[in-house]
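A look at the structure
Given next are the chains, with one letter for each unit.
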Amino acid sequence: MSEANTQAQHDYAIRMINLNKWYGDFHVLKDINLDVTQGERIVICGPSGSGKSTVIRCINHLEEHQKGQIIVNGEEITGDVKQLERLRTDVGMCFQHFNLFPHLSILDNLTLAPIWVRKIPKAEAEATAMKYLERVKIPDQASKYPGQLSGGQQQRVAIARSLCMNPKIMLFDEPTSALDPEMISEVLDVMIELANEGGMTMLCVTHEMGFAKQVADRVIFMDAGQIIEENTPNEFFNNPQSERTQLFLSQIIAH
Amino acid sequence: MYVTDKILPELPAPSNSKGVVHWLKSNLFSSPVNIVFTFLGLLLLYKTLPPIIQWAFIDATWVADTREECLGEGKGACWAYIGNRFGQVMYGFYPPAEYWRPNIAGILLIALTIPLFIEKMPRKVWLGAFILLVFPFIAYYLIHGGFLGLSEVGTDKWGGLMLTLIISLVGIAAALPLGIILALGRRSEMPIIKSVCVIFIEFWRGVPLISVLFMASVMLPLFLPEGSSFDKLARAMIGIILFQAAYVAEVVRGGLQAIPKGQYEAAVAMGLSYWKSMTLIILPQALKLVIPGLVNTFIALFKDTTLVLIIGLFDLLAIIENVLGSDSSWLGFFTEGLVFAAFVFWIFCFAMSRYSMALERKLDTGHRN
Ligand SMILES: Nc1ncnc2c1ncn2[C@@H]1O[C@H](COP(=O)(O)OP(=O)(O)OP(=O)(O)O)[C@@H](O)[C@H]1O
Ligand SMILES: [Mg+2]
């Protein structure tokens, strides 16, 4: 940890400094401090309503924070529209409900942002898209529409869609919790592969503890809008410090 | 315990059609009440259909040069009367020697539009933009003229089906984009834009079209500087466009509200701007959802064009009702005129409704929310 603190600013992918957020009068995030170094893989867990989604949605400014700072790739998020558009091209996001574009074919879902945001020629964007569809193991579905795919396939398409933008940071918000059990592993496999490749900073909200143990550099436990505990997966699961963490882990393992 | 190694073969789905008799039995004669209604229906058809067919087709006079040929014992509808006044029905008071000009404009429009329906046609967007942005000027030059060698035919001479189509097409083509912008504005997070759009929409929805037209024709000139003449048709058109845009806006807003927030989030999360997210992701889905509502609005607009009569413009219905109706050499065939007008309106409205159904089917990508 102390080593990380001495690193230069630009070695951080994300810094959150005293981040606070309210929904109306409801104080949803309280003094969040979190530094993520380039290439680090972080798993965020915690009970429902603890503010996990809100934290990672603040990183690409889908939610606005009221106090504190968020610095992404060395740039503080101000809410300026042009800055945001630029910043978001480097920050990919996968949602719980995939949010594929149902009116576009799978291939068009993948090439849309590269063509319209990165201004990449169509043929090149399609070649890249096929490459990523192969990586998530569904190149044969390219011409179908999202409505014709299973949940697990849709989430893999969503991951490929983000990867097509070649992001430096990937955010995952419970990517497997809307899936039937037999589809969870096909999505996790893709994510594990991605994590093992290295190079990409990953923040993942998930309750898949196996995934956390296997790939995470750090596990963050949140409750009531605060970071309660932060540790290596090994320490976190085998030697949880706070009472809330212990309770949470016992509940997860119980069910 | 039960175990099987045998995987059953895939069989074709059973056919649904079980023959005419089965259909009749299950649809028309399934219960005593049903049987009674079936016979009442047949009786009604028997009483009304033959006389109508007799009047409209069998006893009808199709060609005639004078009114007298249509009169007499056992004579039915006098369609010859429409045929004799066909020029006026189609073009109003447009000089017959110049009919070729609107004809060319119409043919050009059809020729330009057909490629839009060809599946693999490249550069469709440019063609569409050409039709919307350039063609109106070509059409105006052709139909109105007044420069570059074409004699001027003022809008006061335009009429008939031509005028109905011009008002409707311009109205639809302008009200749709304006309505979409208003709908987006109404959902804007910027308070000023939002309130301007809300006030605009609620104002235009709150007044009857008749009074809009009346204001456009009688009151607007009072506010314009002395001596400036502003074409009557243009004024009516602006009134119709603003009026219909308010309705389109509300229909489109319904569609926008039905699109899950995640769609917009996914779009902007990839770095798309607000306008790109709207035009590439949100609007295509929202508009697809509201095709029935939009077509409903357009059909209403098409029929509402008949109201321009009250400000002295002679659309198809007005020509038939007021011009042909008071023509002393063909007195007494009012019914035929109205039936013909109704038929023409029905053809266009029915075509719009069929097209919208086909469009819905074509755009269906199997997504159910
Ligand atoms: N738009 C909103 N307006 C008001 N309150 C909100 C809004 N979004 C979330 N909240 C509240 O903020 C709190 C944190 O929400 P958040 O979605 O971040 O929780 P979470 O940890 O992701 O929970 P879950 O595991 O259920 O997804 C919750 O209590 C939620 O009710
Ligand atoms: Mg959440």
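Focus: the packing of aromatic side chains
We describe a pair of aromatic rings using the distance from one ring centre to the other and the angle between the two ring planes. Residue and element names in this part refer to chain A. Here the structure, examined in full by the defined rule, presents 19 aromatic pairs over all chains. Ring geometry for F236 and F237: centres 5.2 Å apart, planes at 90°, overall edge-to-face. Under the relative-accessibility criterion, F236 is labelled buried at 0%. Ring pairing ties together the aromatic residues F221, F236, F237 and F248, which thus form one cluster. The ring of Y23 has K21 lying over it, and the distance from NZ or CZ to the ring centre is 4.7 Å. Its end group placed over the ring of F101, R161 keeps NZ or CZ at 4.5 Å from the ring centre.

A few points about the pattern of salt bridges
Two side chains with opposite charge may pair up if their charged atoms get near one another. With the rule as written, the count across this model stands at 23 salt bridges over all chains. Linking E230(A) and R218(A) is a salt bridge whose minimum nitrogen-to-oxygen distance equals 2.6 Å. On the criterion of sequence distance, the pair formed by E230(A) in strand β10 (residues 226-231) and R218(A) in strand β9 (residues 218-223) is long-range, its members being 12 residues apart. R205(B) serves as the salt-bridge partner of E202(B), at 3.3 Å between the closest nitrogen and oxygen.

Concerning helix α4 (residues 106-116) of chain A
The element α4(A) is largely enclosed, with a buried count of eight among its 11 residues. Listing the buried residues of α4(A) in full gives I106(A), L107(A), N109(A), L110(A), T111(A), L112(A), A113(A) and P114(A). Of the surrounding elements, those touching the buried residues of α4(A) are α5 (122-135) and α6 (151-163) of chain A together with α13 (274-289) of chain B.

Section: the environment of V295(B)
All names here are of chain B. With respect to the helices, strands and loops of the structure, V295 is situated in helix α14 (residues 291-304). The spacing of V295 and A56 is 239 residues in sequence and 31 Å in space, taken between C-alpha atoms. Beyond its immediate stretch of four places on either side in the chain, V295 contacts M352, S353 and S356.

A short note on unusual backbone geometry
Residue and element names in this part refer to chain A. The phi dihedral of N99 is positive, around 55°, even though this residue is not glycine. With respect to the secondary-structure elements, N99 resides in the loop between β6 (91-94) and α4. Taking the relative accessible area as the measure of exposure, N99 reaches 12% and is therefore buried. In this model, A224 sits at a positive phi of 50°, which is unusual for a non-glycine residue.

Here we look at the state of the cysteines
Tallied over the full model, the rule gives one disulfide over all chains. Disulfide pairing is shown between C70(B) and C78(B); the S-S distance is 2.0 Å. Sign of the S-S torsion, about 60° for the bond between C70(B) and C78(B), identifies this disulfide as right-handed. A single burial state applies to C70(B) and to C78(B), both of which are buried. This cysteine, C45(A), is not joined by any disulfide, and C204(A) carries the nearest cysteine sulfur, 10 Å off. A relative accessible area of 0% places C45(A) in the buried class.

Some thoughts on the sheet that holds strand β2 (residues 26-37) of chain A
Residue and element names in this part refer to chain A. What the four strands build is an open sheet, ordered β2-β1-β4-β5; its pairing is antiparallel. Each edge of the open sheet carries a strand with a single partner, namely β2 and β5 (75-76). Pairing between strand β1 (residues 12-23) and β2: eight bridges, direction antiparallel. When the sheet's bridge partners are listed, L19 is paired in β2 with I32.

As for the site of ligand 1
Residue and element names in this part refer to chain A. Around ligand 1, the surrounding shell consists of Y23, F26, V28, P47, S48, G49, S50, G51, K52, S53, T54 and E174. One of the backbone N or O atoms of G49 is found 2.8 Å from an oxygen atom in ligand 1. Here an oxygen atom of ligand 1 and a side-chain polar atom of E174 are 3.0 Å apart. Elements with a contribution of two residues or more to the shell around ligand 1: β2 and α2 (52-59).

Focus: the interface of chain A and chain B
Much of the literature gives interface size as the accessible area that the parts lose upon coming together. At the interface, 24 residues of chain A touch 21 residues of chain B. Looking only at chain A, the three residues that lose the most surface to chain B are F101(A), P102(A) and H103(A), adding up to 28% of its buried area. Where chain A meets chain B, there are one salt bridge. R57(A) is paired through a salt bridge with E265(B); the nearest N and O atoms lie 2.6 Å apart. Between chain A and chain B we count six residue pairs in polar contact (both at pLDDT 80 or more) in total.

Some thoughts on the sheet that holds β9(A)
Residues and elements named next belong to chain A. With mixed pairing, the six strands of this open sheet are ordered in space as β6-β7-β8-β3-β9-β10. Each having just a single partner strand, β6 and β10 make up the two edges of the open sheet. With direction set aside, neighbouring strand axes in the sheet form an average angle of 20°. Examined bridge by bridge, β6 and strand β7 (residues 169-173) share four bridges and lie parallel to one another. If you follow C94 over to β7, its bridge partner there is F172.

Observations concerning the confidence of the model for chain B
Confidence along chain B averages 89 in pLDDT terms, with 98% of residues attaining 70 or more. Here the predicted complex carries an ipTM of 0.92, next to a pTM of 0.87.

Calculation rules
- Residues numbered from 1 in each chain as written.
- Chains lettered and ligands numbered in written order.
- Predicted model: local features only at pLDDT ≥ 70, side-chain atom pairs only at ≥ 80, totals over all residues.
- Heavy atoms only, no water.
- Phe/Tyr/Trp six-rings, centres within 6.5 Å; stacked < 30°, edge-to-face > 60°.
- Buried < 20%, exposed > 50% of the residue type's maximum accessible area, 1.4 Å probe, protein only.
- Lys NZ or Arg CZ within 6 Å of the ring centre and 35° of its normal.
- Salt bridge = Lys/Arg side-chain N within 4 Å of Asp/Glu carboxyl O.
- Helix = DSSP H or I, 4+ residues; strand = E, 2+ residues; numbered from the N terminus.
- Contact = heavy atoms within 4.5 Å.
- Disulfide = S-S within 2.5 Å.
- Pairing = 2+ DSSP bridges.
- Near = heavy atom within 4 Å.
- Polar contact = N/O pair within 3.5 Å; in protein donor to acceptor, adjacent residues only side chain to side chain.
- Buried area = accessible area lost by both parts, 1.4 Å probe.
- Axes fitted to C-alpha atoms, helices over the stretch in contact; angles between N-to-C directions.
- pLDDT = per-residue confidence, 0-100.

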